[in-house]
Amino acid sequence: MMHHSTDDSEPDGAMPVQQRDDSASSSDSASAVSNHTITITVYHGSSDHHLHVPQHATFGDVKKAFVLETGLEATDLKILFRGDVKDDAEQLQAAGVTDGSVVVLVDEPNKGVDHVEPPPVMTEEIAKAIAAVLAVSGEVDELSDRVGALEAAVDGGTIVAVKEFDMTAELLMRQLLKLDGIKADGEARLQRKAEVRRVQKLQEDVDTLKARCYRAKPQL
């Protein structure tokens, strides 16, 4: 009977050691996760700031980090993510904020003034649309230079090949199609509209130059 009791006590004594090892491993893992930081872009007005915050931080923590960088009062700001106003106590991770996400800070309207229009909100979608419009604008800049070169040639009496006019017109049409495919609101919509007008003006210039070049002249 005593021999049987000795065999049973050995595995019982080993169990607490295994449990302590698991607990330590779990604690180290949790510590590694809590120390992980993410980089987010914060838009405020016409400026943007890149902040590094812990992934388990709250939206209130983002405000504090922004205040440290800019000196503004956090109580005068409200924070939005994906167009929704967020509570200071809500955690970034729970709301879906990840590395590279965009949040927006807007000034609270003056409580002593009635009928104050809120400032335009720069949402993540609008920021992406503006970037898309700017990308097209860069290509239109190059086509504008091309139209300028055609104008210089025509003014100098050079007979430019028809395919040069047609190719330029085709490239301008492609930019219009790109602009048409950009879903834009707010400031992005205004920028897209201005860029569409710019492309249409260049198309008119190409047609005019082609007509001038081949007025009473054979087409090449």
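For the structure, check the block above.
An account of the accompanying structure is given in this report. Numbering of residues begins from 1 in every chain and follows the order in which that chain's sequence is written. Under the rules for a predicted model, residues below a pLDDT of 70 receive no local features and side-chain atom pairs below 80 are neither given nor counted, while totals for whole chains, interfaces and linings still include all residues. Remark: hydrogens and water are excluded; side-chain values derive from all non-hydrogen atoms of the structure.

Concerning helix 6 (residues 187-213)
No. 1: Starting at the N terminus, helices and strands are each numbered in turn, a helix being any DSSP run of H or I of at least four residues and a strand any DSSP run of E of at least two. Between the first and last residue of a helix there are one fewer steps than residues, each counted as 1.5 Å, and that sum is the expected span. With 27 residues, helix 6 extends 39 Å between its outermost C-alpha atoms, agreeing within 8% with the 39 Å of an ideal straight helix rising 1.5 Å per residue.
No. 2: Considered for burial, the residues of helix 6 that qualify are Ala188, Glu195, Val199, Leu202, Gln203, Val206, Leu209 and Cys213.
No. 3: Packing partners of the buried residues in helix 6 comprise helix 4 (124-155) and helix 5 (162-180). We call a residue buried when its accessible area falls under 20% of the maximum for its residue type, exposed when it is over 50%, and partly exposed in between, using a 1.4 Å probe and counting protein chains only. What makes two residues a contact is simply this: any of their non-hydrogen atoms within 4.5 Å.

Digging into the environment of Ser137
No. 1: With respect to the helices and strands, the residue Ser137 is situated in helix 4.
No. 2: For Ser137, a relative accessible area of 15% gives the class buried.
No. 3: Separated by 59 residues in the primary sequence, Ser137 and Val196 place their C-alpha atoms 9.6 Å from one another.
No. 4: Those residues in contact with Ser137, other than ones at most four positions away along the chain, are Glu195 and Arg198.
No. 5: Within 3.5 Å is the distance limit for a polar contact, defined as a pair of N or O atoms, with the added protein rule that one can donate a hydrogen and the other accept it, and that residues adjacent in sequence qualify only through two side-chain atoms. Polar side-chain contacts of Ser137 include one of 3.5 Å to the side chain of Glu195.

A closer look at the pattern of salt bridges
No. 1: A pair is scored as a salt bridge if a Lys or Arg side-chain nitrogen falls within 4 Å of a carboxyl oxygen belonging to Asp or Glu. Tallying each qualifying case throughout the model produces 11 salt bridges.
No. 2: For Glu90, the salt bridge identified is with Lys86, shortest N-O distance 3.8 Å.
No. 3: Looking at Lys86, the relative accessible area reads 18%, which means it is buried.
No. 4: Here Lys201 and Asp205 are joined by a salt bridge, their closest N and O atoms 2.9 Å apart. Of the two residues, Lys201 and Asp205 both sit in helix 6, four residues apart, roughly one turn of that helix.
No. 5: Under the relative-accessibility criterion, Lys201 is labelled partly exposed at 44%.

A word on the sheet that holds strand 2 (residues 47-54)
No. 1: Read from one edge of the open sheet, five strands run 2-1-5-3-4, paired in mixed fashion. Of all the strands in the sheet, just strand 2 and strand 4 (84-86) have a single pairing partner and so form its edges. Averaged over all adjacent pairs, the angle separating strand axes in this sheet is 35°, with direction ignored.
No. 2: Think of it this way: DSSP has to see at least two bridges between two strands before they count as a pair. Alignment of strand 3 (residues 77-81) against strand 4, held across three bridges, turns out to be antiparallel. Of the residues in strand 4, the one forming a bridge with Ile79 is Lys86.
No. 3: Contacts from helix 2 (residues 59-70) reach strand 1 (37-44), strand 2, strand 3, strand 4 and strand 5 (102-107), with the element oriented near 125° to strand 2. All axes are obtained by fitting lines to C-alpha atoms, using only the stretch in contact for helices, and the reported angles, taken between N-to-C directions, cover 0 to 180 degrees.

On their own, these measurements won't tell you what the molecule is for.
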